[in-house]
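For reference, the chains in residue letters:
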Amino acid sequence: LNEMSRSTDGDEVPSIRFYKGKEGISQINSEMRRKTKPDSVIYGVTNVDEVEKILPGHFEMNSGLRVKKKLASKGFYYSDNQTLPSSQKLLRRTKRLSAPVSADITLYPKAANLVTYNGEQSTGIVIENQQIVETLRFIFDLAWDNYKE
């Protein structure tokens, strides 16, 4: 118990919020962009085809909003229909996945969000905790460094 007490002293208490449906997912994206400081990097894993079914035009609109705020992105993506090439102009580095993913994971500097693809039944979870985000980013970087397209 004493060891457990020491390991949590000073740790921030995670904030966890849940969102439902298209409006909820849009709200997560807007909120996270608003809270993220300019010149930050956003990391992600996404299935473009599934996101576009829920939020048509999302990637085109999101790229413009990110660039306007000087937010870079680094992400894995899957799509049968589109390519999202890396682009210095769009502050975007990408790697295309050979198989679809079942949910989105997006890592902001201080928050992680996970989103399922189920139309109006889509669910989003936002976790605000620096230690959790740093660990997820570490795992992301390991995957990035070792993934061969």
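Residues numbered from 1 in each chain as written. Predicted model: local features only at pLDDT ≥ 70, side-chain atom pairs only at ≥ 80, totals over all residues. Heavy atoms only, no water.

**Q** Explain the pattern of salt bridges to me, please; I cannot follow it from the model alone.
**A** Where charged atoms from two side chains of opposite charge approach closely, those side chains can pair. Applying the stated criterion across every chain, the model contains six salt bridges. Between Arg17 and Glu128 there is a salt bridge, and its shortest N-O distance comes to 2.5 Å. With a gap of 111 residues between them, Arg17 in strand 1 (residues 15-20) and Glu128 in strand 7 (residues 123-128) connect regions that are remote in the sequence. In the salt-bridge network here, residues are joined through shared partners; they are Arg17, Glu31, Lys35 and Glu128. (Salt bridge = Lys/Arg side-chain N within 4 Å of Asp/Glu carboxyl O. Helix = DSSP H or I, 4+ residues; strand = E, 2+ residues; numbered from the N terminus.)

**Q** Can you walk me through the pairing of strand 5 (residues 103-107) in this structure?
**A** Along any regular strand, the residues point their side chains to alternate faces of the sheet. Pairing between strand 2 (residues 41-47) and strand 5: three bridges, direction antiparallel. Paired with Tyr43 across the bridge in strand 5 is Leu107. Strand direction decides the pairing type here: strand 5 and strand 6 (residues 112-116), joined by five bridges, are antiparallel. By the bridge assignment, Thr106 is partnered in strand 6 with Asn113. (Pairing = 2+ DSSP bridges.)

**Q** Quick question: what am I supposed to make of the sheet that holds strand 7 here?
**A** Sheet strands line up and pair through hydrogen bonds in the backbone, either parallel or antiparallel. Read across the sheet, seven strands follow the order 1-7-6-5-2-3-4 without closing on themselves; strand pairing throughout is mixed. Of all strands in the sheet, those bounded by a partner on one side alone are strand 1 and strand 4 (92-96). Along the sheet, successive strands turn relative to each other by an average axial angle of 10°, direction set aside. Pairing between strand 1 and strand 7: six bridges, direction antiparallel. Of the residues in strand 7, the one forming a bridge with Phe18 is Ile125. Of the strands in this sheet, strand 1, strand 6 and strand 7 touch helix 2 (residues 21-35), which is tilted by about 140° from strand 1. Across the sheet, helix 5 (residues 130-146) lies against strand 2, strand 3 (72-78), strand 4, strand 5, strand 6 and strand 7, angled at about 60° from strand 3, the strand it touches most. (Axes fitted to C-alpha atoms, helices over the stretch in contact; angles between N-to-C directions. Contact = heavy atoms within 4.5 Å.)

**Q** Help me out: how do you make sense of the packing of aromatic side chains in this one?
**A** The geometry of an aromatic ring pair comes down to the distance between the two centres and the angle between the two planes. Here the structure, examined in full by the defined rule, presents five aromatic pairs. Judged by centre distance (5.5 Å) and plane angle (80°), the ring pair of Phe76 and Tyr147 falls under edge-to-face. With Phe76 in strand 3 and Tyr147 in the segment after helix 5, the pair connects residues that are 71 residues apart, well separated along the chain. A relative accessible area of 23% means that Tyr147 is categorised as partly exposed. Above the face of the Trp144 ring, Lys95 is positioned so that its terminal group lies 4.6 Å from the ring centre. (Phe/Tyr/Trp six-rings, centres within 6.5 Å; stacked < 30°, edge-to-face > 60°. Buried < 20%, exposed > 50% of the residue type's maximum accessible area, 1.4 Å probe, protein only. Lys NZ or Arg CZ within 6 Å of the ring centre and 35° of its normal.)

**Q** What's the story with the layout of surface pockets in this structure? I'm lost.
**A** A probe matching the size of a water molecule, rolled over the atoms, marks out where space remains unfilled. Its volume calculated, the largest pocket comes out at about 190 Å³. Val45, Phe76, Leu97, Ile105, Leu107, Leu136, Ile139, Phe140, Ala143 and Tyr147 together form the lining of the largest pocket. With four residues, the single largest contributor to the lining of the largest pocket is helix 5. In this structure, the second largest pocket encloses a volume near 150 Å³. Taken together, Met32, Lys35, Thr36, Lys37, Ser40, Tyr108, Pro109, Lys110, Ala111 and Glu128 form the lining of the second largest pocket. When grouped by side-chain class, the residues that make up the lining of the second largest pocket number four nonpolar, two polar and four charged. (1 Å grid on protein atoms, 1.4 Å probe; cavity = no way out; pocket = protein on both sides within 12 Å on 5 of 7 lines; lining within 4 Å. Points joined across faces, edges and corners; volume = space filled by probe spheres on them. Nonpolar A, V, L, I, M, F, W, Y, C, P; charged D, E, K, R; others polar.)

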